[in-house]
Structures are given as structure tokens and as C-alpha cells.
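In case you want the letters, here they are:
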Amino acid sequence: QWERLWFLILTSSFFLTLVWFYFWWEVHNDYNEINWFLYNRMGYWSDWSIPILVTTAAGFTYITVLLILALCHIAVGQQMNLHWLHKIGLMTTLITTVVTMSSIAQLWDDEWEMVFISLQATAPFLHIGALAAVTALSWLIAGQFARTEKATSQMLMFTAYLAVVVALYLVPLTISSPCIMEKKALGPKPAIIGHRGAPMLAPENTLMSFQKAVEQKIYGVQADVVLSYDGVPFLMHDKTLRRTTNVEEIFPERAYEHSSMFNWTDLEKLNAGEWFLKNDPFWTAGSLSRSDYLEAANQSVCKLADMLEVIKDNTSLILNFQDLPPAHPYYSTYINITLETILASGIRQQAVMWLPDTERQLVRQVAPGFQQTSGLKLDAERMREKGIVKLNLRYTKVTNEDVRDYAVANLSVNLYTVNEPWLYSILWCAGVQSVTSDSSHVLRKVPFPIWLMPPDEYHLIWITSDLISFIIIVGVFVFQKNPFPSPGWRLGSIRTYNPEQIMLSAAVRRSSRDVKIMKEKLIFSEINNGVETTDELSLCSENGY
């Protein structure tokens, strides 16, 4: 019973670590967001994503090896006999996985939506893999069925296995992916908007970053605007300057002040590029050329006017604003100052996507050509009432049905932050018009969705896989019932052993009484099992027993 309990724990640990490993592998798209989230919690920057991934992979591999060894023991009729060190390792892995999953669920429950989105890309292939694994287990199940003496136990075992197999055969009925579609129904490639420029190629929100984005010839860029204490619009995402500048070295006593409380003359003194080379948030700093490396190291805080001069000719712009502290001298007029800066740059009004809700009516009067964009999910009727033509949302906030409904209402959707080609492919198939990305240089080279499968082809693969699996499973059960000429249900030609036989074979220095007892148990066990040859009763040891 204890061995059964440990096997149950081992199996549960395998599935839990498998889910966690799959989750953490798929959220690779959001590693930078996760690190930024942890930075805000802990107060210092550290890349936690790769250590967690390596630890998760090691734990999953360890549990998988243990499970395979346990199944091998069961296949030859032996007990699992898990060593106490492995029991400690198993429980440690299980507890760590449960605690980590619970922490993510509490701190960032929105990220679990990524699992359901990723299944739209992986479910058809995971189904085939799971079908292959369960089909391979038929050999073990058939062997166990053969060795089980009680009809009730046999029926329970067979029913449970059959239920799993039938469920897997029918799983494709629940699989829904936008990429299961006819090729001719595929919409245009989503436009790409550089998130804070090209942050994988240069420090975010710097002039170099936006120059790199323009070189990529992408559709647009997104920037975060703040107003300095003396009324100069500049680019900064965080509320403080700590993460992306050397403010702790230049103005250590002001490191935790809001970035808008600095005069422009002070902001000009800060370096906004060294952090990128030191922290290497996207693991791309090492791939920079010598000239780009030196240029990145010497970046400074970027004015909004300088950025507009770089992108105004051929690139669209999404503007996001930080709320200013009430004590800021331009607290009530920062929208007006920013509008004046944008209009003075000469950029086409139609190229600007205006995101803030503050003073939206004023913006319509001063710049009627701006594309009014909302960062909140609204229904189509409400968007028309507010004069909004575009939504800017996180990719987890909309469904494929939402995208289709907005498209029917002639409203476009931009989703952020999309970095992985597989996610870009899913959104492409779903009909999304544009995405904001940290990896614009990668996505612009994606010529076609990673996979696109017509429904008829998918149904053919599904039915064929089920038929092959069914034939193999039936063949295994039939073969196990009559393997070679030997009578009865046995696991092929593999000989099974009971614990007394194993212990007696390993006995070297034991008292004659212990060996005699084990001999008697073995003889009666073999007689009860109907052994007909004397070879199986012959045992020896170094002491001559």
C-alpha cells in the first residue's frame, strides 16, 4: 500500500511539473514583463526567468526519469522500492512546484490566460504526442492486466485505461484554433509597432531605439511621455528614473522621486544606456556590433521633440502618458504642452494614435485628425459614442470572437506585447490588425503563420491517428494474451519475480534460519504459481545454499 501511495505521488508530481514546465516555457513571450513586475516588488533588477526555467526543466527531468524507472519495475513485476533520498527529492520537487504555481496564481493570475492562448497553437500537436504516450503504455497495462488475479481489479484497470483512451480520441472535438482554416481565408499580416522603439536592439525610449525601429521599416512605434518640472516633454516608462538611468549615482538623494520632478537640465546629465548593457534585459546586448555597443552606452534621456523628428515621415505613433503628481507646476496643462510639441513637429495627424482619456474632447478640437484610441475594452456601440476608432489592449484581454466583432464594426485592435512568432501567428490567423512588439526585427521577417491547416486535413490527421492507436492497442492486448506458444496471460517472455526470490538470490551473509524461511516461502510461491521446471527452483549463494 505504501508503494502504491508513493507511485500515486510520483504520478501526480509528473503531471504537475509537466503543467508548470509547459506554462513557464510558453510565457517566454512575457519574461521581460515578469522581470519588471518583480523589479517593482523587490526594488532591484534581476533576471529571474532563466533560473526558474532551468530549475523547472531539471525538476521535470528528474521526476520523469523516476517515473520511467518505476514503470520499468512494474513491467517486470517488481515493487518500486523508492530510495529514501528519492522520496525526499520527490516531495521537495512537488512542494516547490505547488508553492510556485500558487504564488503566480495570486500575484499574476492574468498570466495563466497565456496557457489557454498557447493551446490554440500547440493543442493539435500535444494531442498526437499524448496519444502516442498512452498507446505505448498499452504494453504495460496489458501486462498488469495479465498478472492481476481478481476479475474486479482487472475490470477497474481496463475501464480506467479505456476511459483515458476514448477521451483522447475525442479531445479534438474540443480543440479550437484560428489557424485551422483555409489558406484563402487568411487575412493580411498584422502591422508591427515597436514597443518603446526597438528595445531588443537599443535601450528603450532612447533616440537610438527609435532610430533602430525606423530602420526596420515597421508600421509604427509606441512611446511613454512625461513632462519635466520645467515643462519639457520627454520619454520615460517608469515613475522613477532608477531602472533605466544612473540617477542613483548622479542624484542619489533623489533616486526615488517621480521622474517629472526633475528639470530638463538635470535629466540631460543622466546616462540612459549603460543599464541596458549591464542588465541585458533581452539577452541581446552581446550581439550588438562594436559601434552599436558604444552608441548604446552613451544614450541620454530622449526629448519627445527629438523622437518625433526621427519618426515623423514614415512611421505611426502610439502615445501613452504618465499621470503627474498634483504638486507638479504643469499638472493641469501638460496635455496642452504635449499637443503643441506634437503639432509643431510636422507629423501627420492621421499617424498619431492618441491613447489617454484625459482631455479627449480638447484633443479632438485641437487635432481632429488624431486616431482616438482606448486602453479599456469597450463594446462597439460605446466606442462609436466616444468617437474611438481603435483599441490598444493586452493580448490576453480579447478573444477571437471579439476581434471578429470589432472588425465587422469597422474598428481595429492593437494588441501588446507580442514577441514570439507562434503568438504572432495565432493573432494573424485570428484577424488582428496590429501588434506592439519588443522584437519587431524578428516578427517582420515572419512571412506566413508558423502553421496553417485546412479543417479537412486536420480531421484526416485526427481520424488516422486514432485508428493507428486503436489497432496498436488491440494488437498489444491480443499479443499479451497469447505470446509465442506459452499458455496463459504473461508479459511476453519476461520472467516475473517475487520479493522472496529476489531477496534469496541476493543473500550472501545471512543465518541459515533466514535463508531456510525464504526458501520455504519461495517453494510454496512457485508451487502455487504452477512452476513445472526445476531450474526456477535452483538457487545458490556464496555460502553454498
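Rules used throughout
- Residues numbered from 1 in each chain as written.
- Predicted model: local features only at pLDDT ≥ 70, side-chain atom pairs only at ≥ 80, totals over all residues.
- Heavy atoms only, no water.
- Helix = DSSP H or I, 4+ residues; strand = E, 2+ residues; numbered from the N terminus.
- Buried < 20%, exposed > 50% of the residue type's maximum accessible area, 1.4 Å probe, protein only.
- Contact = heavy atoms within 4.5 Å.
- Areas by Shrake-Rupley, 256 points an atom, 1.4 Å probe, with all protein chains shown as cover.
- Expected span 1.5 Å × (residues − 1).
- Core = buried A, V, L, I, M, F, W, Y, C linked by side-chain atoms within 4.5 Å.
- Patch = residues over 30% accessible without salt bridge, like charges linked within 9 Å, V, L, I, M, F, W, Y side chains within 5 Å.
- Salt bridge = Lys/Arg side-chain N within 4 Å of Asp/Glu carboxyl O.
- 1 Å grid on protein atoms, 1.4 Å probe; cavity = no way out; pocket = protein on both sides within 12 Å on 5 of 7 lines; lining within 4 Å.
- Points joined across faces, edges and corners; volume = space filled by probe spheres on them.
- Nonpolar A, V, L, I, M, F, W, Y, C, P; charged D, E, K, R; others polar.
- Domains from an automatic or database assignment.

## Regarding the overall build of the protein
Thinking step 1. The helix and strand tally for the protein stands at 22 helices and nine strands.
Thinking step 2. Counting across all 545 residues of the protein, residues that qualify as buried make up 48%.
Thinking step 3. Restricting the contact set of the protein to residue pairs at least 6 apart, pairs at least 24 apart contribute 66%.
Thinking step 4. When the accessible area of the protein is evaluated, it comes to approximately 28100 Å², of which 60% is carbon and sulfur surface.

## A look at the side chain of Ser138
Thinking step 1. Tracing the backbone shows Ser138 in helix H6 (residues 138-147).
Thinking step 2. Excluding anything up to four places from it in sequence, Ser138 contacts Tyr161, Ile473, Val476 and Phe477.

## A short note on helix H4 (residues 84-107)
An α-helix turns once per 3.6 residues; consequently, residues spaced three or four apart project the same way.
Thinking step 1. In this model H4 runs 34 Å from its N-terminal to its C-terminal C-alpha over 24 residues, within 8% of the 34 Å that 1.5 Å per residue would give.
Thinking step 2. Three or more residues of H4 are buried, namely Gly89, Leu90, Thr93, Leu94, Thr97, Met101 and Ile104.
Thinking step 3. Looking at the buried side of H4, the elements it contacts are helix H1 (2-26) and helix H3 (49-75).

## Points about the nonpolar core
Thinking step 1. In terms of nonpolar packing, the biggest core is built from 98 residues, with Trp24, Met307, Leu317, Leu319, Ile342 and Trp354 touching the most fellow members.
Thinking step 2. For this core, the element with the highest residue contribution is helix H18 (residues 421-430), accounting for seven residues.
Thinking step 3. Look past the residues within four positions of Ile342 in its chain and what remains in contact with it is Leu304, Leu308, Leu319, Ile347, Val352, Trp354 and Phe370.
Thinking step 4. Core analysis: the second largest hydrophobic core is formed by 13 residues, Leu10, Phe60, Ile63 and Ala70 among them.

## A look at a nonpolar patch on the surface
Thinking step 1. Taken together, the side chains of Phe158, Leu162, Val166, Leu170 and Leu173 make up a nonpolar region of the molecular surface, amounting to roughly 440 Å² of accessible area.
Thinking step 2. With respect to the helices and strands, Leu170 occurs in helix H7 (residues 151-170).
Thinking step 3. You can call Leu170 partly exposed: its relative accessible area is 46%.

## Here's the deal with the layout of surface pockets
Which parts of space are left empty comes out when a probe the size of a water molecule is rolled across the atoms.
Thinking step 1. The computed volume of the second largest pocket comes to approximately 1000 Å³.
Thinking step 2. Around the second largest pocket, the lining is made up of 39 residues, and of these Arg196, Asp224, His237, Asn320 and Tyr416 lie nearest the centre.
Thinking step 3. A total of four residues in the lining of the second largest pocket trace back to one element, the largest contributor, which is helix H2 (residues 31-42).
Thinking step 4. Along the lines of polarity and charge, the residues of the lining of the second largest pocket split into eleven nonpolar, 15 polar and 13 charged.
Thinking step 5. Three or more residues apiece are contributed to the lining of the second largest pocket by two domains, here domain 1 (1-182 + 456-481) and domain 2 (191-444).

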